[in-house]
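Residue strings, one per chain:
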Amino acid sequence: MTLKDLRPGQEGTVLSVAAVGPMKRRIMDMGITPGVGIKVIKVAPLGDPIEINVRGYELSLRKEEAQQIQIE
Amino acid sequence: MSITIALAGNPNCGKTTLFNELTGSKQHVGNWPGVTVDKKDGVYKKNREVTILDLPGIYSLSPYSAEEIVARDYLVKDKPDAVIDIVDGTSIERNLYLSLQIMETGIPMVIALNMMDEVETKGDKIDCQKLSETLGVPVVPVVARSGKGLKDLMDTAIETAQSHKKPEKLNLFDQDLQNAIAGIADVLGGNNEDESQWKAIKLIENDVVVEKAVDPAKLAAIKILVEKANKNARGDAEAKIADTRYQYISQLVKECVKKAHRGHVETKSDKLDKILTSRILALPIFAVVMYIMFACTFSENFLFIEGLPSPGVWLAGIVETMWGMIAEGVVGVIEGLGASEWAVGLVASCLDGIGAVAGFLPLVLVLFLLLSFLEDSGYMARVAFVMDRIFRHFGLSGRSFIPMLMGFGCSVPALMASRTLESDKDRKITMMITPFMSCGAKLPIYAMFAATLFAEGNQTMIVFSVYMLGIIVAVIGALILNKFAFKSDASSFIMELPQYRVPTIKSVLIHAWEKVKGFAVKAGTVIFASTVLIWFLSNFNFSGMCDMEESFLATIGNGIKWIFAPLGWADWRASVGVVTGWIAKENIVATFGQLFGNVSEEVVEAVMAGEEGLPAIGQVFDQVSAYSYMAFNLLCMPCFAAVGAIKREMGSWKWTLRAVGFQMVTAYVVALLINVIGHLIF
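Just so it is clear, the structure is predicted and the values come from calculations on it, not from any experiment. (Residues numbered from 1 in each chain as written. Chains lettered and ligands numbered in written order. Predicted model: local features only at pLDDT ≥ 70, side-chain atom pairs only at ≥ 80, totals over all residues. Heavy atoms only, no water.)

Observations regarding the pattern of salt bridges
Short version of the rule: For this analysis, a salt bridge means a side-chain nitrogen from Lys or Arg found within 4 Å of a carboxyl oxygen belonging to Asp or Glu. Each helix is a run of H or I in the DSSP string that is no shorter than four residues. Each strand is a run of E no shorter than two, and both are numbered from the N terminus. Residue exposure (1.4 Å probe, protein chains only): buried if accessible area is under 20% of the type maximum, exposed if over 50%, otherwise partly exposed.
Tallied over the full model, the rule gives 41 salt bridges over all chains. The residue Arg62(A) makes a salt bridge to Asp388(B) at a minimum N-O spacing of 2.7 Å. Here Asp388(B) lies in helix α16 (residues 379-391) and Arg62(A) lies in the loop between β4 (57-61) and α2 (63-66), a pairing that spans two chains. Across the pair, Asp388(B) and Arg62(A) agree in class, each one buried. One salt bridge connects Lys151(B) with Asp155(B), and the closest N-O pair in it is separated by 2.9 Å. Residue Lys151(B) and its partner Asp155(B) are both found in helix α6 (residues 150-163); the two are separated by four residues, about one turn of the helix. A relative accessible area of 47% places Lys151(B) in the partly exposed class. Overall, the relative accessible area of 37% leaves Asp155(B) in the partly exposed class.

Topic: the interface of chain A and chain B
The test is simple: Residue contacts are defined here by distance: any two heavy atoms, one from each residue, within 4.5 Å place the two residues in contact. By buried area we mean the combined loss of accessible area, with a 1.4 Å probe, across both parts when two parts are placed together. Polar contacts here mean pairs of N or O atoms no more than 3.5 Å apart (in protein, one a potential hydrogen donor and the other a potential acceptor; neighbouring residues in sequence count only if both atoms are side-chain atoms). Amino acid classes used here: Ala, Val, Leu, Ile, Met, Phe, Trp, Tyr, Cys and Pro are nonpolar; Asp, Glu, Lys and Arg are charged; the rest, including Gly, are polar. For two strands to be treated as a pair, DSSP must find at least two bridges joining them.
Residue-level contacts link 35 residues of chain A with 41 residues of chain B. Between chain A and chain B the total buried area reaches about 3,500 Å² when both faces are included, carbon and sulfur atoms providing 55% of it. Where chain A touches chain B, the interface holds eight salt bridges. A salt bridge links Lys24(A) to Asp236(B), with the nearest nitrogen and oxygen atoms 2.3 Å apart. Joining chain A to chain B, the criterion identifies 21 residue pairs in polar contact (both at pLDDT 80 or more). Where the side of chain A that touches chain B is concerned, the elements lending two or more residues are α1 (21-29), β2 (37-43), β3 (50-54), β4 and α2 of chain A. Considering each element in turn, the side of chain A that touches chain B owes the most residues, eight residues, to α1(A). Taken together, the residues of the side of chain A that touches chain B break down into 16 nonpolar, six polar and 13 charged. In this structure, β4(A) lies alongside strand β10 (residues 495-496) of chain B, joined through two bridges in antiparallel fashion. Directly across from Ser60(A), in β10(B), lies its bridge partner Met495(B).

Re the packing of aromatic side chains
Residue and element names in this part refer to chain B. Put simply, the rule reads: The pairing test for Phe, Tyr and Trp rings, Trp by its six-membered ring, is centres within 6.5 Å, and the orientation test on the planes gives stacked under 30 degrees, edge-to-face over 60, and tilted for anything in between.
Counted under the stated rule, the structure contains 27 aromatic pairs over all chains. Judged by centre distance (6.0 Å) and plane angle (80 degrees), the ring pair of Tyr446 and Tyr467 falls under edge-to-face. One end of the pair, Tyr446, is in helix α20 (residues 443-453); the other, Tyr467, is in helix α21 (residues 459-485), with 21 residues separating them in the sequence. Residue Tyr446 shares its accessibility class with Tyr467, and that shared class is buried. Joined through ring pairs, the aromatic side chains of Phe449, Phe564, Trp569, Phe592, Phe596, Phe621, Tyr629 and Phe632 make up one cluster.

Here's the deal with the nonpolar core
Which entries qualify depends on this criterion: For the purposes of this section, nonpolar cores are sets of buried Ala, Val, Leu, Ile, Met, Phe, Trp, Tyr and Cys residues that join through side-chain atoms within 4.5 Å.
In terms of nonpolar packing, the biggest core is built from 121 residues, with Phe449(B), Trp569(B), Phe592(B) and Phe621(B) touching the most fellow members. Ile27(A), Ile58(B), Val76(B) and Met116(B) belong to the second-largest nonpolar core, a separate cluster that totals 92 residues.

Here we look at the packing of helix α1 (residues 15-23) of chain B against α6(B)
In helix packing, the relevant descriptors are the interaxial angle and the interaxial distance, both defined with respect to the helix axes. Residue and element names in this part refer to chain B. The criterion, for reference: In this description, a line fitted to the C-alpha atoms serves as the axis of each element, helices being fitted only across the stretch in contact, and the angle between N-to-C directions of two axes falls anywhere from 0 to 180 degrees. The cut-offs work like this: below 35 degrees is roughly parallel, past 145 is roughly antiparallel, 65 to 115 is roughly perpendicular, and the gaps in between are oblique.
The N-to-C vectors of α1 and α6 enclose an angle of 85 degrees; their axes lie 11 Å apart at closest approach. In this view, α1 runs roughly perpendicular relative to α6, as classed from their interaxial angle. Contacts between α1 and α6 involve Leu18, Glu21 and Leu22 on the former and, on the latter, Leu150, Leu153 and Met154. Looking at the contact of α1 with α6 residue by residue, the classes come out as five nonpolar, no polar and one charged.

Some words on the sheet that holds β4(A)
The antiparallel open sheet is built from six strands, whose spatial order is β5(A)-β1(A)-β2(A)-β3(A)-β4(A)-β10(B). With one partner strand each, in any of the chains shown, β5 (69-71) of chain A together with β10 of chain B form the two edges of the open sheet. With five bridges joining them, β3(A) and β4(A) adopt antiparallel strand pairing. Paired with Val54(A) across the strands is Tyr57(A), a residue of β4(A).

Observations regarding the sheet that holds strand β8 (residues 139-141) of chain B
Residue and element names in this part refer to chain B. Here seven strands make up an open sheet; going across it, the order is β2-β3-β4-β1-β5-β6-β8 and the pairing mixed. Either end of the sheet is taken by a strand with one partner, and the two such strands are β2 (27-31) and β8. Each strand axis lies, on average, 25 degrees off the axis of its neighbour in the sheet, ignoring direction. Relative to strand β6 (residues 109-114), strand β5 (residues 82-88) runs parallel, the two being bridged by six bridges. Directly across from Asp88, in β6, lies its bridge partner Asn114. Sheet contacts for α1: β1 (3-9), β2, β3 (38-43), β4 (50-54) and β5; angle to β3, the most-contacted strand, approximately 30 degrees.

Some details on the pairing of β3(B)
Along any regular strand, the residues point their side chains to alternate faces of the sheet. All names here are of chain B. Alignment of β2 against β3, held across five bridges, turns out to be antiparallel. Its bridge partner being in β3, His28 is matched across the sheet by Asp41. Here β2 folds back onto β3, and the loop between the two strands holds six residues, one of which, Gly34, carries a positive phi near 80 degrees. As paired strands, β3 and β4 are joined by four bridges and run antiparallel to one another. Residue pairing across strands places Val43 opposite Thr51, the latter belonging to β4. In this structure, the hairpin formed by β3 and β4 is closed by a connection of six residues.

Focus on the domain arrangement of chain B
Note the threshold: Domain extents, as shown, originate in an automatic or database domain assignment.
According to the domain assignment, chain B consists of domain 1 (3-163), domain 2 (175-258) and domain 3 (523-681). The distance between the C-alpha centroids of domain 2 of chain B and domain 3 of chain B comes to 57 Å.

So, helix α26 (residues 601-608) of chain B
All names here are of chain B. We apply this condition: What the arc measures is the spread of directions leading from the helix axis to the C-beta atoms.
Burial in α26 covers these residues: Val604, Ala606 and Val607. Buried residues of α26 fall within an arc of 165 degrees about the axis and therefore sit on the same side. Those residues of α26 that are exposed and aimed more than 90 degrees away from the buried face are Glu601, Glu602 and Glu605. Structurally, α26 contributes buried residues whose contacts are with α20 and α25 (587-595). Phi for Gly610, located one or two positions after α26, is positive at around 80 degrees.

Structure (structure tokens):
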């Protein structure tokens, strides 16, 4: 399952980040590393991007980026 | 002894507020070379020996954005005497991630634990003593907004700088990684251990910028060590490094922070956000906010009241009237003194040049008061969040909407608003296409052609279609620039949505003032010099002062008119119009009024308003070539004031010339297509 599959209000734990290169670096720099808990807050009015809460702050990312993040 | 202290920290951590509190109004704002990133420095209010440099807000020292590259280059190469790392106490985990990386550079460092008031309101407690002992770095709790703890912070920072006390080495990484780091640092050599260790970590992190700077002879040996590190870390040492840092921080936070509530607690800001970005209300609210911003800056019928000027227009009117009176007075005096005609003309044109700069200042001021408010409050990040879906297709950020919308009023403040975009690439592309939005000064040109050459029923449609043309060309231009000019830049949308906060009046005022001053000083010289130059060219020839018909400009017009033959208007007067349009686009109408039959000023005004035509231009233009001419002037180099704004924001002549070159080529190609295709059809 990936972060993209979570609905607003649902929570999950990060297993791995599948992205490569600068995007992977960015995702991890922002605190999305294996083992961290993530909660999906909402989806933008036009359906994309999404807003999540991670490590106590709010982060937005596109669905294509969320798809690279494996969770359970 | 003079010392330099750099401020580093995440975006939205209160860094700018702290900087403003520490330096007061004694600030100097410029650009880092080659990128559209602010470089700010100032003198510490309470000790003039201390210079404070505000580094751009960053999340990491990875080479992901221009901001990060600029900040780390400064830390590693220029080495300030000390760094104050500002940590937002309300999102301490992510903030400390940057702190650990700054510690690796080996620069004497102090952590300013900011937003302690909000931490207390939440009921959380942070043990600064323990944090400081564990990290081996002084930690000072502060509230930048109210100035609380700042004296203590600066005393600690100055002491740390003077004693050259480096942060302690934490040795977070496991043995495999430590061996790899030591091994690579060894290969790198050099006499600065901190620097080679820092570079070693970056090389394991696949940092392309650091890798490029490494001696190629050593690269092979380093690659082997990096490969080995990867093997030991189950294929991914880069991920392991980030993971190790965050694990260390999680543990540290567990020990030093007592949270009042477990898990995610809904704050006031979250509740507000539910409304502002809700599925139904987000877009209407966004539209209203944008409308208010545009109306406050540019509207002549403010609040829908006929003839009531908006604050921006009202102030601009006052400045213009006052400057007009001053200019008239000065000219009157020197005329009275018996100065020759050319001297009077020169003085008048210089005064016009200054007036041209001054007239834009109120617009910049009003727009930036509003923009700083949106930025500081946290709404700007939501603009990107809401609009991203639409703008990503053009390779732009949702925030590009603001400069582009403002472009319909005036390109000058619009171009300066590009600074609110997140990435250097987006800022540059947005600046290149914003002048394609048809500004208020271009309307009189369309009005003139429409009233002269097109049937009454079609006039509105013609004018409207020129506006649409600008938007379409901007979109295509953005796509082309993204594909060919900036293709190497990675783009993603991983962005923090900061908590909503009430902006401090001081920050909003300082920011708006900076913009006004920056435009007046940096753009002012460009505008002034070019206005005087065009005045000279249009009033002189080799035998002295003359009418425009015999001036250098007319000669130039005759010399270059062949260039425009493929566009359908190989006429010297049309060419001269393009040039005078660069002073201000509406000048084209006055120029045509003079060159096509020398009509009176009243007629020129009526033509500008579209109430009357200028039949003589029919000698040169038919409907198709008129449209080609309108398109060319819409898209070609904007007025000098806008070029000055581009120069101010790009921070380099190279990029300014690229932008102008792009606009010129675009204008030529589009006008050519219109002329060729138009004449095939009509």
